[in-house]
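Each chain, written out:
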Amino acid sequence: MIDIEVFIKTFIVLALFGTAGVGLYGVVAKPHATKKIISLTILGDTVNALAILLGYRYPGGIPPVYTGQPPNEFVGRAVDPLPQALVLTAIVIGMAVNLLIIYIALQTYRLYGTLDTRLIKKLRG
Amino acid sequence: MSGVRKVASAVALLAIVAALSLGAAAGGMGPFFDGIRSLGAFYLSTAPPQIAELVLGPSYRGLSSYSPEVVTSIVWDYRGLDTYFETAVFFLAIIGAVAIYRGIEEPVLRRPASGLSPIVRAVTKFLIPINIAVAASIALHGHLTPGGGFQAGAALAVAPIIVIVVFSRRYLLERGVTKLKALFFRSAGLIGIALVVLIPVIWSVISGEWAWVMQNQWKPGAEAFSYPAYLGGALISGSIWFLNLFEFLAVSFGFTILFLLISIDEDTVRSCMIRGGEECDRY
Amino acid sequence: MITPELALMLIFVSIAFVFAYLAVEERKLIRAVVYSAVQSAAFAFLFYLLGAPDIVLVYVPVTVGIYPAALLFLIRKTEEVENP
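Since we're looking at a predicted model, the values are computed, not measured.

Student: How should I be thinking about the packing of helix H4 (residues 70–78) of chain B against helix H10 (residues 239–262) of chain B in this particular structure?
Tutor: The geometry of a pair of packed helices is captured by two quantities: the angle between their axes and the separation between those axes. Residue and element names in this part refer to chain B. Closest axis-to-axis distance for the H4/H10 pair is 10 Å, and the angle between their directions is 90°. In terms of axis orientation, H4 runs roughly perpendicular to H10. Side by side, H4 and H10 meet where Thr72, Ser73 and Trp76 of the first sit next to Ile240, Leu243, Asn244 and Glu247 of the second.

This is how it looks when you write it as structure tokens:
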């Protein structure tokens, strides 16, 4: 007999790993620079989601914001705030770095006339 | 892509997922869906002052960060130095992007304003103030409700994009949101963060007593200096409120600069690059 | 015992996986950006279910607003189709 709860939990984790794998595959195998950037954002988002999932409490996790409930209930039910704090800065800083990559891609197109990495590789002079 | 390469890619993808799963199954990522780590429990039981008073007793004041919003208090108090240097990375990324556009500036009033239909414009004019008000609320209440400087900065950074797409780049420039002003406000935010962090150090050097960097309440052994936890009876959580405000300025105007630059017409950029920038610098 | 949160998480993670695959495989880059935005929206709901309103507040403007806008600027100024 299959425990449906364990199945759903395993499925969620594996689907997130699969999404990370798809993102990594796009970064490595797709030739176009814009597609590589899109895949990079997917990869980063999925790793962030996995980090948040590590801090989740099942069943009945509540956000780590104190709203006046009894203290024992808050400490006993709230999810782990540390992954959220790390992911929060990681998202904003990752966005700044990704925008820098977009700018560099734009400059590459101005200089080489293409964003296909196979064609850029063949350029000489 | 040929058939062989497709199959090889799929196999590699499956191998990556299998390797990650193996690491997780062996316990390399800790337990999923299960309990809370003791460090997380410590943050939860000390950050809100009401809980810290019950857990730690009368000496709670030196260990609590006086904020019911535990995530923000970790970002700016418990792990404040981490966030401080993350802000430095953010600064460098923006500077790198601005350096690519060095010497390129679109001449103002060169072409008539373009944009979307009047209905969209009217709705946008109505929505932009709401966007700004919501972002300011997220920043200024960041120590009480979900939110903070990073969230508010990201929320406000959407406004210049909408204005550029719906109206035009020129509309934004005519309203006074220029690259120079955005750089000024972004620098003001960064300097504000540095000042809030360094004021305890300066105070310590002047008075000769101990003070802690990136800790918003006084600590045992350094009772003399701290940011106020309450101002006029309202909880402002010491330095967290100021850091949220300055981070809000830095993030929102940093992204405003990037979108002002990326929306410059490509012909202008090319002509500036070919002419060597001398004529473009004039604008 | 299965809570509604767990079932909803299953749905949103599946949506995110499917749209991430579509975004990576799509040849027209503008469509790929839109698929990526749908994947991000699914993740935003996932974050809400995981008890992280702070992350939702920062994640929605970043990945549904700013990334697609910047990528659409990039695509409009460069190439719109990825050659196989």
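Student: Help me understand the packing of helix H2 (residues 33–54) of chain A against helix H1 (residues 4–25) of chain C, please; the structure alone is not making it clear to me.
Tutor: Running from amino to carboxyl end, H2(A) crosses H1(C) at an angle of 165°, the nearest separation of the two axes being 9 Å. Regarding the angle of H2(A) to H1(C), the classification is roughly antiparallel. Helix-helix and strand crossings are classified by hand; for H2(A) and H1(C) the assignment is left-handed. From H2(A), Lys35(A), Ser39(A) and Ile42(A) reach across to H1(C), where they touch Ala20(C), Ala23(C), Val24(C) and Glu25(C). Here the residues of the contact of H2(A) with H1(C) are counted per class, giving four nonpolar, one polar and two charged.

Student: Mind showing me how you'd approach the interface of chain B and chain A here?
Tutor: Reports often express the size of an interface as the amount of accessible area lost when the parts come together. Opposite the 60 residues of chain B that make contact, chain A presents 48 residues. Taking both sides of the interface into account, the surface hidden between chain B and chain A amounts to around 4,800 Å²; carbon and sulfur atoms contribute 78%. Inspection of the chain B/chain A interface yields one salt bridge. A salt bridge links Arg110(A) to Glu266(B); the shortest N-O distance between them is 2.8 Å. Counting across the chain B and chain A interface gives eight residue pairs in polar contact (both at pLDDT 80 or more). If you list the elements that add at least two residues to the side of chain B that touches chain A, you get helix H1 (3–25), helix H2 (38–46), helix H3 (49–56), H4, helix H5 (80–100), helix H7 (149–166), H10 and helix H11 (266–275) of chain B.

Reading guide: rules and limits
- Residues numbered from 1 in each chain as written.
- Chains lettered and ligands numbered in written order.
- Predicted model: local features only at pLDDT ≥ 70, side-chain atom pairs only at ≥ 80, totals over all residues.
- Heavy atoms only, no water.
- Axes fitted to C-alpha atoms, helices over the stretch in contact; angles between N-to-C directions.
- Helix = DSSP H or I, 4+ residues; strand = E, 2+ residues; numbered from the N terminus.
- Parallel < 35°, antiparallel > 145°, perpendicular 65-115°, else oblique.
- Contact = heavy atoms within 4.5 Å.
- Left-handed = near helix turned anticlockwise from the far one by under 90°.
- Nonpolar A, V, L, I, M, F, W, Y, C, P; charged D, E, K, R; others polar.
- Buried area = accessible area lost by both parts, 1.4 Å probe.
- Salt bridge = Lys/Arg side-chain N within 4 Å of Asp/Glu carboxyl O.
- Polar contact = N/O pair within 3.5 Å; in protein donor to acceptor, adjacent residues only side chain to side chain.

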